[in-house]
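One letter stands for each residue in the lines below.
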Amino acid sequence: MQIKNFQPRPYQLNIIKTCKEKNTLVCIPTGLGKTKIGILLAIEQLNKFPNTKILVLTPTRPLANQIYNEFKECTTIEESKIILLTGKINPIKRKELYDLVNIIVATPQTIQEDIENQRLNLSDFSLLIIDEAHRSREKFANTIVAKEYIKSSNHKKVLALTASPGSTKAKIEEICLNLSIEAIEIRSETDEDVMEFVQEKSAEYINLELPQEIKNIHNLIKDFYKSKLENVKSFNINKPIAYINKVDLINLQIRLQKELKNKNNAAFYGLFLVAQLLKLSHAMEMLETQGLNSLNDFLIKLESEDTKSAQAISKDPNIIKAKTLVKELLGKNIDHPKIEKLKEIIKKALEEKSNSRIIIFATYRNTVDNLVKTLSLMNIKTTKLVGQKEGLTQKQQIEAIEEFNSGKYNCLVTTSIGEEGIHIGEADIAIFFDNTPSSIRKIQRSGRVGRLKPGRVIFMITTGTRDSAYFWKSKRDESKMKNILYKMKGKQELNIKKQKSLKEF
């Protein structure tokens, strides 16, 4: 068995040397061929152990479909010996297929289910490849399958692939422990063996100020939020009120839910209070980072909810006034300044290059829908990519990606599903309509451009809001993550073995 249709790059060959010897976590920027490293190692293992199989785990059907096609296109393995498996295939049929193939590309949940129901034995597998390995947290399907593989396989070899495993040493070590990783290979754009293959990628930062009309709405919501926040102090939170954040509120909510079991009546009021605060925090985030349409959608949704917290918010005079102001501004076609700036950027890009491909990231589905509607009204060919829970089937997701790649659409507006591993090789511009506090998601978003040709990444940042705070946090965490990985490289085997023995003890 051999590779075909690609020539391994020097950094891939250097990385493979380690992968042949040890279970390895490979961290390289998106677009530099992580799957090709998997293919090289798969061929190595199949030639070394001819009667074995390779298992590739990847979190979504669109990703699985891409990896499946890449194995077919880049190896001399018979196409009939490579299969794509998801939960959509009948379990009995899956059991039959396992015996007939060499390469299995599947979603982790499917494999976990088949292992637990004794439809699949991993003893004759010589390689486990885990794509998007940062998902390998405790009790996740990746972790469960990996542990079963290490226990059962006669030829144990693990290759974990990611662009970003996490921003702390603890998170990275957790992944390594869960996947029995013994070594780390990391490359960044500045490494000597990578530099010649990195396309130029420019970063642009657009800082926008909320107009006073929108600040007035924000102040109404914030005043109500602060009045409720005062009461949180009675639940043993020692922070100054100004520093109590969403994480603190969620932690308090978890603590109060436990206290309900002890029949603590005060916990009922505390949970009612926290529920209001979390909803109000979300409303402010909508206004700061998304826009008036998104806030309006959220406030309408609150009115339809029958929870006490939602009803209490909807009946508050400040919120009633805020809703009125929102509708007045929308009636005058006034929205978040990001909207007009986005229209300006895209119009200019298409004037300069009519076949430009632009991918726009937004956290929330209603923002995606609003942006698709706004751009379509400008006669810009726009489509969306969202998750199954947000309304698209796996087939529709794959179609959206293919149609964008083929040039049928100039713009693809997407939620987080567009961040992970999706091959959008022809994108010219990636726009962060909002910012994420996660370094993993920032790296993945940025990796959607600059794969095969130079690209631009545009960050839209609302100054003085959590939008700006999220941007700076993800930027700091990305730098921190790279420093940690380079320090861990070469030392991982000893550290993880030590941790493992302590945990088992």
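Keep in mind that what you see is a predicted model, and the values were worked out from it rather than measured.

## Here we look at the overall build of the protein chain
(1) Moving on: Across its full length, the protein chain carries 19 helices and 13 strands.
(2) Moving on: Taken along the three principal axes of its C-alpha coordinates, the protein chain extends 75 × 65 × 45 Å.
(3) Moving on: Here the protein chain, with 505 residues, has 55% of them falling under the buried criterion.
(4) Moving on: Taking all contacts inside the protein chain whose residues are at least 6 apart in sequence as the whole, residues at least 24 apart take part in 74%.
(5) Moving on: Surface exposure of the protein chain reaches about 23,300 Å², of which carbon and sulfur atoms provide 50%.
(6) Moving on: For the protein chain, the distance from the average site of its 81 positive side-chain charges to the average site of its 61 negative ones is 3 Å.

## Points about helix α3 (residues 61–74)
(1) Moving on: In this model α3 runs 20 Å from its N-terminal to its C-terminal C-alpha over 14 residues, within 8% of the 20 Å that 1.5 Å per residue would give.
(2) Moving on: Among all positions of α3, only P62, L63, A64, N65, I67, Y68, E70, F71, K72 and C74 are buried.
(3) Moving on: As for α3, its buried residues are in contact with α2 (34–48), β2 (53–57), β3 (82–85), β4 (103–106), β5 (125–130) and α16 (394–406).

## Things to note about the sheet that holds strand β11 (residues 411–414)
(1) Moving on: A sheet is described by the order of its strands in space; here six strands give the open sequence β8-β13-β12-β9-β11-β10, paired in parallel fashion. Strands with a single pairing partner mark the edges of an open sheet, and in this sheet they are β8 (201–208) and β10 (382–385). Neighbour-to-neighbour, the strand axes of the sheet open up by a mean angle of 20°, direction not taken into account.
(2) Moving on: In terms of strand pairing, strand β9 (residues 358–361) meets β11 through four bridges, oriented parallel. Note that in β11 the partner of I360 across the bridge is V413.

## Some words on the pairing of β10
(1) Moving on: The pairing of β10 with β11 spans four bridges and is parallel. Within β11, the position partnered with L385 by the bridge is T414.
(2) Moving on: With respect to chirality, the unit in which β10 leads through α16 into the neighbouring parallel β11 is right-handed.

## Focus: the side chain of D467
(1) Moving on: Along the polypeptide, D467 turns up in helix α18 (residues 466–488).
(2) Moving on: A distance of 2.7 Å separates polar atoms of two side chains, one belonging to D467 and the other to K338.
(3) Moving on: Here the side chain of D467 touches T462 through a polar contact of 3.0 Å, landing on its backbone nitrogen.
(4) Moving on: In this structure, D467 is in contact with T289, K338, D434, N435, M460, I461 and T462, ignoring residues within four places of it in sequence.

## Notes on the nonpolar core
(1) Moving on: Counting residues in each nonpolar core, the largest one holds 39 residues, and the members touching the most others are I217, I221, V232, L249, L292 and L295.
(2) Moving on: Once residues within four sequence positions are removed from consideration, L249 is found in contact with Y225, L229, V232, I244, V274, L277 and L278.
(3) Moving on: The next biggest cluster of nonpolar side chains, apart from the first, holds 38 residues, and it includes L128, I130, V145 and A160.

## Concerning the pattern of salt bridges
(1) Moving on: Under the definition given, this model contains 31 salt bridges.
(2) Moving on: Of the charged contacts in the structure, one is a salt bridge between R119 and D114, with a shortest N-O distance of 2.7 Å. Note on accessibility: R119 and D114 belong to one class, buried.
(3) Moving on: Between R187 and D193 there is a salt bridge, and its shortest N-O distance comes to 3.0 Å.
(4) Moving on: Look at R187 and you get buried, because its relative accessible area is 9%.

## Things to note about the sheet that holds β5
Backbone-to-backbone hydrogen bonds join strands into a sheet, with any given pair of strands oriented parallel or antiparallel.
(1) Moving on: Pairing is parallel across the open sheet formed by seven strands, whose spatial order is β3-β4-β2-β5-β6-β1-β7. Looking at strand neighbours, the two that pair on one side only are β3 and β7 (183–186), the edges of this open sheet. Direction aside, neighbouring strands of the sheet carry axes that sit 15° apart on average.
(2) Moving on: Inspection of the sheet shows strand β1 (residues 24–27) paired to strand β6 (residues 158–162) by four bridges, in the parallel sense. Across the sheet, the residue bridging to T24 is L159, located in β6.
(3) Moving on: Against the sheet, helix α6 (residues 141–152) engages β2, β5 and β6, with an angle of about 160° to β5.
(4) Moving on: Docked against the sheet, α18 engages β1 and β7, running at close to 130° with respect to β7.

The rules we used
Throughout this description, residue numbers start from 1 for each chain and increase along the sequence as written. At least 70 in pLDDT is required for a residue's local features to be given in this predicted model, at least 80 for side-chain atom pairs to be given and counted, and no such filter applies to totals for whole chains, interfaces and linings, which use all residues. Calculated side-chain values reflect all of the structure's heavy atoms, with hydrogen atoms and water omitted. Put simply, DSSP marks the helices as runs of H or I at least four residues long and the strands as runs of E at least two long, and each gets a number from the N terminus on. Relative accessibility thresholds used throughout: buried, under 20% of the residue-type maximum; exposed, over 50%; partly exposed, between the two (1.4 Å probe, protein chains only). Working rule for contacts: check all heavy atoms of both residues, and any pair within 4.5 Å makes them a contact. Each accessible area value is a Shrake-Rupley result obtained with a 1.4 Å probe; residue values ignore everything except the protein chains displayed when judging cover. Charge counting follows a simple rule: Lys and Arg are positive, Asp and Glu are negative, and His as well as the terminal groups are ignored. Lysine's charge is taken at NZ, arginine's at CZ, aspartate's at CG and glutamate's at CD. One less than the number of residues in a helix, times 1.5 Å, gives the span that helix is expected to have. By definition, two strands form a pair when at least two bridges between them are found by DSSP. Where helices are involved, their axes are fitted lines through C-alpha atoms of the stretch in contact, as for all axes, and angles between N-to-C directions lie from 0 to 180°. Assignment of crossover handedness uses the view with strands pointing away from the viewer, where a clockwise path from the first strand over the helix to the second indicates a right-handed crossover. In protein, a polar contact means a hydrogen-donor-capable atom and an acceptor-capable atom, both N or O and within 3.5 Å, with residues adjacent in sequence counting only if both atoms are side-chain atoms; elsewhere, any N or O pair within 3.5 Å suffices. Nonpolar cores are built from buried Ala, Val, Leu, Ile, Met, Phe, Trp, Tyr and Cys residues. Side-chain atoms within 4.5 Å join them into one set. Should a side-chain nitrogen of Lys or Arg be within 4 Å of a carboxyl oxygen of Asp or Glu, the pair is scored as a salt bridge.

Everything listed is a geometric property; what it means functionally is a separate question.
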